[in-house]
Amino acid sequence: MTHGEVVPRAAATTIFVRQGAAKPEILLLKRGAQAHFMPNAYVFAGGAVDQSDESDELYALCENLDERRACERLHLDSAGLKHFVAAVREAFEECGLLLACDSSGEWVNLAAWEESELRDARRRLSTGRTTLAALCKTHGWRLAVDELIFYSHWITPPGAPRRFDTRFFLCPVPARQSASLASDEMSELVWITAGDALAQHASGRLMLMFPTRTLLRELARFDGIDAIFAFARQPRKITPYTPVLPPDFPRDGE
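Thresholds applied
- Residues numbered from 1 in each chain as written.
- Predicted model: local features only at pLDDT ≥ 70, side-chain atom pairs only at ≥ 80, totals over all residues.
- Heavy atoms only, no water.
- Helix = DSSP H or I, 4+ residues; strand = E, 2+ residues; numbered from the N terminus.
- Rg over C-alpha atoms; globule rule 2.2 N^0.38 Å.
- Buried < 20%, exposed > 50% of the residue type's maximum accessible area, 1.4 Å probe, protein only.
- Axes fitted to C-alpha atoms, helices over the stretch in contact; angles between N-to-C directions.
- Parallel < 35°, antiparallel > 145°, perpendicular 65-115°, else oblique.
- Contact = heavy atoms within 4.5 Å.
- Nonpolar A, V, L, I, M, F, W, Y, C, P; charged D, E, K, R; others polar.
- Phe/Tyr/Trp six-rings, centres within 6.5 Å; stacked < 30°, edge-to-face > 60°.
- Lys NZ or Arg CZ within 6 Å of the ring centre and 35° of its normal.
- Lys, Arg positive; Asp, Glu negative; His and termini not counted.
- Salt bridge = Lys/Arg side-chain N within 4 Å of Asp/Glu carboxyl O.
- Expected span 1.5 Å × (residues − 1).
- Core = buried A, V, L, I, M, F, W, Y, C linked by side-chain atoms within 4.5 Å.

Trainee: When you look at the overall build of the protein chain in this model, what are you seeing that I'm missing?
Mentor: Scanning the protein chain for helices and strands turns up 8 helices and 9 strands. Compactness check: the protein chain gives a C-alpha radius of gyration of 18 Å against a globular reference of 18 Å for 254 residues, within 12% of the reference. Principal-axis analysis of the C-alpha atoms gives the protein chain an extent of 50 × 45 × 40 Å. Per-residue burial for the protein chain yields a buried fraction of 50% across its 254 residues.

Trainee: Hey, could you run me through the packing of helix α2 (residues 67–74) against helix α3 (residues 81–95) in this one?
Mentor: Helix-helix packing: each pair is described by the crossing angle between the helix axes and the interaxial distance. Their axes nearest at 7 Å, the elements α2 and α3 cross at an angle of 85°. When the axes of α2 and α3 are compared, the pair comes out roughly perpendicular. Along the contact surface, α2 presents Glu67, Ala70, Arg73 and Leu74, while α3 presents Leu81, His83 and Phe84. Per-class residue counts for the contact of α2 with α3 are 4 nonpolar, 1 polar and 2 charged.

Trainee: When you look at the packing of aromatic side chains in this model, what are you seeing that I'm missing?
Mentor: By the definition in use, this model includes 8 aromatic pairs. A ring pair is formed by Phe150 and Phe169, whose centres lie 6.1 Å apart and whose planes are at 50°; its orientation type is tilted. Here the residue Phe150 occupies a position in strand β7 (residues 149–155), and Phe169 occupies one in strand β8 (residues 164–172), the gap between them amounting to 19 residues. Among the residues examined, Phe169 registers a relative accessible area of 0% and is labelled buried. Centre to centre, the rings of Trp154 and Phe210 are 5.8 Å apart; their planes meet at 75°, and the pair counts as edge-to-face. Of the two residues, Trp154 is situated in strand β7 and Phe210 in helix α7 (residues 210–219); the sequence distance between them amounts to 56 residues. One aromatic cluster is present, formed by Phe84, Phe150 and Phe169 through successive ring pairs. Its guanidinium or amino end placed over the ring of Phe231, Arg221 lies 5.3 Å from that ring's centre, counting from NZ or CZ.

Trainee: What exactly am I supposed to notice about the side chain of Arg31 here?
Mentor: Along the polypeptide, Arg31 turns up in strand β2 (residues 24–31). One buried charge, Arg31, has no salt-bridge partner; the nearest side chain with opposite charge is Glu185, at 4.1 Å. Apart from residues no more than four positions distant in its own chain, Arg31 is found in contact with Phe37, Met38, Pro39, Asn40, Ala41, Val43, Glu185, Met186 and Ser187.

Trainee: Hey, could you run me through α3 in this one?
Mentor: Here α3 is 15 residues long and its end C-alpha atoms lie 21 Å apart, about the 21 Å a rise of 1.5 Å per residue gives. In terms of burial, α3 is a largely internal element, 15 of the 15 residues being buried.

Trainee: Hey, could you run me through the pattern of salt bridges in this one?
Mentor: A complete count under the given rule lists 16 salt bridges for this structure. With a closest N to O distance of 3.6 Å, Asp223 and Lys23 form a salt bridge. In this pair, Asp223 sits in the loop between α7 and α8 (225–233) while Lys23 sits in the loop between β1 (9–19) and β2, placing the two residues 200 residues apart along the sequence. Assessed through its relative accessible area of 54%, Asp223 is described here as exposed. Its relative accessible area of 39% is what places Lys23 among the partly exposed residues. A salt bridge links Arg89 to Glu93, with the shortest nitrogen-to-oxygen separation between them at 3.4 Å. Residue Arg89 and its partner Glu93 are both found in helix α3; the two are separated by 4 residues, about one turn of the helix. A relative accessible area of 13% means that Glu93 is categorised as buried. A single network of salt bridges, built from pairs that share partners, joins Arg9, Asp50, Asp53, Arg89, Glu90 and Glu93.

Trainee: Looking at this structure, how should I read the side chain of Lys82?
Mentor: Mapping Lys82 onto the fold places it in helix α3. The residues touching Lys82, leaving out its near neighbours within four places in the chain, are Val49, Asp53, Glu54 and Tyr59.

Trainee: How should the nonpolar core be read in this particular structure?
Mentor: Across soluble globular proteins, you tend to see nonpolar side chains buried next to one another. Core analysis: the largest hydrophobic core is formed by 57 residues, its most contacted members being Phe16, Phe84, Cys95, Leu98, Trp141 and Leu143. Among all residues touching Trp141, those that are not within four sequence positions of it are Leu61, Leu98, Ala100, Cys101, Asp102, Val108, Leu110, Trp113, Leu135 and Cys136. Among the nonpolar cores identified, the runner-up in size contains 25 residues, and Ile15, Val17, Phe44 and Leu219 belong to it.

Any link to function would need more than the numbers given here.
Okay, here's the thing in C-alpha cells:
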C-alpha cells in the first residue's frame, strides 16, 4: 500500500427487485446534488457498515442466520453477519423497505403505519437517536437477513477519494411495504427495468456509475424475477472485483 492510500471501508448494498408489467424492475435512488460522494448518480440502496451493526443484541434478532453461516455465504473468515445487518439498516433508512418479520413470520406491515410515524422512525435510526435492535424489540420483530442473497462483491479501486469494500445483495420487495424517501440524502427514487435504466444513461437522462451499470447489464439478461433469483441462488464462488478507475469516477481533488 502506498503512503496516503485510502483504505476501503466495509459497505453493504441491496438491489431490490420486483416484477413489472413486462420485465423485472429495479429500485434506484438518486443521490442529492450536494452529496459528497457521487452527486446526482442513481444507485442501489446501501452504505457503509457502522460499528452499531455489529452487536450480540442485533445478532440475536437475525432470522435463520448466524455469524458462522454469514461468513460462509460471504466467503469471510470472520465478521460476516454485520454486512447483512448493515444492508437491512441502510435500506430502511434510505428507501423505507424493512427486511423484518413479525411474530407470525410474515413481513412487517408498514402499510399500517402513519407516513409521519414511519418517517420519524427512519430519521431517528439514521441520526442515532434509536437503534435497529430497539426498534425490533419494541414491535416484536426479527431481522429477515436470510432473505438477502449475496450477489456481487466490488472494491473501489485505488485513486478514488473514498473507497468501499462492498457486498451487493439481491432481495425481493417485502409485501405490505412501499419504497419512499425520508431525508435529503436522496432526492428521487424510481422503479425501472435494467434495460430502460441503461438506455436512459446512454441518452444522458440518468447518471449511472460503472458498478451500477455493470450489475444492471447482468440483470437485464433476465425476463422474469424468478429467473433472476434462480440464478442468484445457484452455488458459485463470488470473488472481489477491483476495476481500473473508470473515466467517469471522481478523482482526488474533484
